[in-house]
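Chain by chain, the residues run as shown.
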Amino acid sequence: MSIKENKLQLYNSLSRKKEVFEPIKGPHVGMYVCGPTVYGDAHLGHARPGIAFDLIFRYLKHLDYKVRYVRNITDVGHLENDADHGEDKIAKKARLEQLEPMEIAQYFSDRYIDNMDALNVLRPSIQPRASGHIIEQMEMVSKILDAGFAYEAKGSIYFDVVKYNKKHNYGKLSGRNIEDVLENTRDLDGQEDKRESVDFAIWKNASPEHIMRWNSPWGSGFPGWHMECSAMSTKYLGEQFDIHGGGLDLRFPHHESEIAQSVAANGSEPVKYWMHNNMVTIDGQKMGKSLGNFITLDEFFTGSHKLLAQAYEPMTIRFFILQAHYRSTVDFSNEALQASQKGYEKLMNAVETLDKLKASDTNDFDVAQWNRKCYSAMDDDFNSPILIAHLFDAVKIINSVKDGKLKINTENLELLKTAFNSFTFEILGLRKDEKSQSGGELSAKLIDIMLKIRHEAKLNKDWATADQIRNQLTDLGVQIKDTKEGAEWQL
RNA sequence: GGUCUCGUGGCCGAGCGGCUAGGCUGGGCUCUGCAAAAGCUCCUACAGCGGUUCGAAUCCGCUCGAGACCUCCA
């Protein structure tokens, strides 16, 4: 499938509508997604944008777009909400654990990348770190100052939202009206240096005990909350690029402020399509760091959390997330995860069955039509749940062909194999469980010997022996399936 | 308080004016020595109340309920 014959639509948070995707400079596509702040282990909520934008990245590449995908790692910035001294989250963690801040950031970013690898999330083209782009951020702060949309106060630089809003529209992304916001903003501590509560720091003066600091024209300090994404996206994707993604919770103030910063500094709208993934919920509430109701990905993989009934394979997690549309919330529960696990196993079994399927002269299934439906699902704002439903339709066909209840000819079988595998592995990014490939050659041969003995026992109607072999293999985790062609097994 | 989103069967989750996805679970049947697997099949739906329409889960209004953002957050 090439770009030309395809009609991809995606939901733009800015217009709040689905729009036909037309990259600024096709076939090149620039995509920036907000990554994690690395001061703790990634939890299920972090898996959502990881997987959602991985799906988008994979599909765009499948359509032959040349995608440069940038996902940042935030290793500086982000103040504690209640810290009067403007202490950095990472710096705070470092102080508490008596480590270099960069030691903390390195440790958790390594673990984050490991988790994403486990989930089969492709590595982005560039994973820039905020701490490595302080100069770019300072340059952007200067540009905003020069443009007159920022002011200095006690060594900090604040974005002048009110002034900006007179000329541009601050609130266009989040649907906010600044006048209303000004009236309704709650009183917060530590805002005494700002002219207005809606103003935000783009450079922050570092208090003496603050450990992460850089020299700047405005004194020793560190970049403000939203600067890094503006600076790094501009650096790697240009002043205007195609897609900016992130969690829905970042829409305001983070993304709203990014727009303002870029417009103030560069004079142009930075992003054509804003895309936001919805949240993972637990008991109907957002799973999040601040609420403390999160379960880390490692805990899922090992089952080591009191709310988990069992350990879950990374691919179960991935499949679980892909079974919901990225703009809907997904609610965590053991029941839902176990359902996903079974569904995923069913799909993987079909992959193996399909591989061994034999073609007939006649044909009962129009694979080309089915293939088009799969593309339509993806073209409709990356509707992975619909795609998965179509895959299960094909699973039914595959199993029926295997049972001899349906026929499929060579041409259709080849297309089915290509398309089914492409959608399952290349686009949805699923992968066969390690465990189904493990076991080793010797075990496989031993199991085959056992099954041969069982087969002989069955021919002699020695059910006791046959069942003993089956039961003991089952206890070891080897599942026996008797088919017309003989017994098959899987781990 | 302001802005916005959502309420679908036992569970998860699509659809978003007519043709009523899919997965998991439960019941029945087929196949099989039995079982598993697989196939077929059945049962529970569109929060409530009005309205628009020939026709609404889908559009509009109200009520109730849940959530998100307004503060760091994926």
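Residues numbered from 1 in each chain as written. Chains lettered and ligands numbered in written order. Predicted model: local features only at pLDDT ≥ 70, side-chain atom pairs only at ≥ 80, totals over all residues. Heavy atoms only, no water.

Trainee: Any chance you could explain the overall build of chain A here in plain terms?
Mentor: Counting secondary structure elements, chain A contains 17 helices and 16 strands. Overall, the C-alpha framework of chain A stretches about 90 × 50 × 35 Å when taken along its three principal axes. The buried share of chain A, taken over its 491 residues, is 51%. In chain A, 75% of the contacts between residues at least 6 apart in sequence involve partners at least 24 apart. Counting only carbon and sulfur atoms, one obtains 48% of the accessible surface of chain A, whose full area is about 23,100 Å². Across chain A, 61 positive and 71 negative side-chain charges occur, with their mean positions spaced 4 Å apart. (Helix = DSSP H or I, 4+ residues; strand = E, 2+ residues; numbered from the N terminus. Buried < 20%, exposed > 50% of the residue type's maximum accessible area, 1.4 Å probe, protein only. Contact = heavy atoms within 4.5 Å. Areas by Shrake-Rupley, 256 points an atom, 1.4 Å probe, with all protein chains shown as cover. Lys, Arg positive; Asp, Glu negative; His and termini not counted. Charge placed at Lys NZ, Arg CZ, Asp CG, Glu CD.)

Trainee: What am I meant to see in the sheet that holds strand β11 (residues 271-277) here?
Mentor: What holds strands together in a sheet is hydrogen bonding between their backbones, with the strands either parallel or antiparallel. Strand order in the open sheet formed by 4 strands is β4-β3-β10-β11, and the pairing between neighbours is parallel. Edge strands, defined here as strands with exactly one partner in the open sheet, are β4 (66-71) and β11. Shown here is a sheet whose adjacent strand axes are inclined to one another by a mean of 20°, direction ignored. When strand β3 (residues 28-33) meets β4, the two strands line up parallel, connected through 6 bridges. What sits directly across from Gly 30, in β4, is Arg 68. Most of the contacts of helix α7 (residues 227-237) go to β3, to which it runs at about 160°, and overall it touches β3, β4 and β10 (241-247). Helix α8 (residues 251-266) rests against β10 and β11 of the sheet, and its axis sits at about 160° to β10. (Pairing = 2+ DSSP bridges. Axes fitted to C-alpha atoms, helices over the stretch in contact; angles between N-to-C directions.)

Trainee: Looking at this structure, I do not really get the nonpolar core. What am I missing?
Mentor: Note that soluble globular proteins tend to have their nonpolar side chains buried in a common cluster. Core analysis: the largest hydrophobic core is formed by 131 residues, its most contacted members being Leu 44 and Phe 420. Considering each element in turn, this core owes the most residues, 10 residues, to helix α1 (residues 44-62). Domain assignment of the residues forming this core places at least three in each of domain 1 (9-277) and domain 2 (282-434). Residues in contact with Leu 44, not counting those within four places in the same chain, are Val 280, Met 287, Ile 295, Leu 297, Phe 300, Ile 317, Phe 320, Ile 321 and Phe 332. One finds Ile 447, Leu 451, Ile 469 and Ile 480 within the second-largest nonpolar core, a separate group that totals 6 residues. (Core = buried A, V, L, I, M, F, W, Y, C linked by side-chain atoms within 4.5 Å. Domains from an automatic or database assignment.)

Trainee: What is the right way to read the sheet that holds strand β14 (residues 330-332) from this model?
Mentor: Pairing in this open sheet of 3 strands is mixed, and the strands run β13-β12-β14 from one edge to the other. Looking at which strands have only one partner, the edges of the open sheet turn out to be β13 (285-286) and β14. One ladder, built from 3 bridges, connects strand β12 (residues 280-282) with β14; its direction is parallel. Looking at the pairing, Val 280 lines up with Val 330 of β14.

Trainee: What should I look at first to understand the confidence of the model for chain A in this one?
Mentor: Detailed reading of the predicted coordinates is not advisable wherever pLDDT falls low. On average, chain A scores 89 in pLDDT, and the residues at 70 or more come to 93%. A low-confidence stretch, residues 186-190 (pLDDT under 50), is modelled with 1 contact involving residues beyond four sequence positions or located in other chains. (pLDDT = per-residue confidence, 0-100.)

Trainee: Could you clarify how one ought to interpret the packing of α1 against helix α14 (residues 410-427) in this entry?
Mentor: A packed helix pair is summarised by two numbers, namely the angle formed by the two axes and the spacing between the axes. Two elements in contact, α1 and α14, have axes separated by 10 Å at closest approach and are oriented at 135°. If you check the angle between α1 and α14, you find them oblique. Only Ser 422, Phe 425, Glu 426 and Ile 427 of α14 make contact with α1, whose side of the interface consists of Leu 55, Arg 58, Tyr 59 and His 62. Class assignment of the residues belonging to the contact of α1 with α14 gives a composition of 4 nonpolar, 2 polar and 2 charged. (Parallel < 35°, antiparallel > 145°, perpendicular 65-115°, else oblique. Nonpolar A, V, L, I, M, F, W, Y, C, P; charged D, E, K, R; others polar.)

Trainee: Can you help me understand α1 in this one?
Mentor: Two residues of an α-helix separated by three or four positions point the same way, owing to the 3.6 residues in each turn. Look at α1: 27 Å from first C-alpha to last across 19 residues, which is about the 27 Å you get at 1.5 Å a residue. Burial analysis of α1 places 17 of its 19 residues in the buried class, the great majority of the element. Directly beyond the C-terminal end of α1, a positive phi value near 75° is found at Asp 64. (Expected span 1.5 Å × (residues − 1).)

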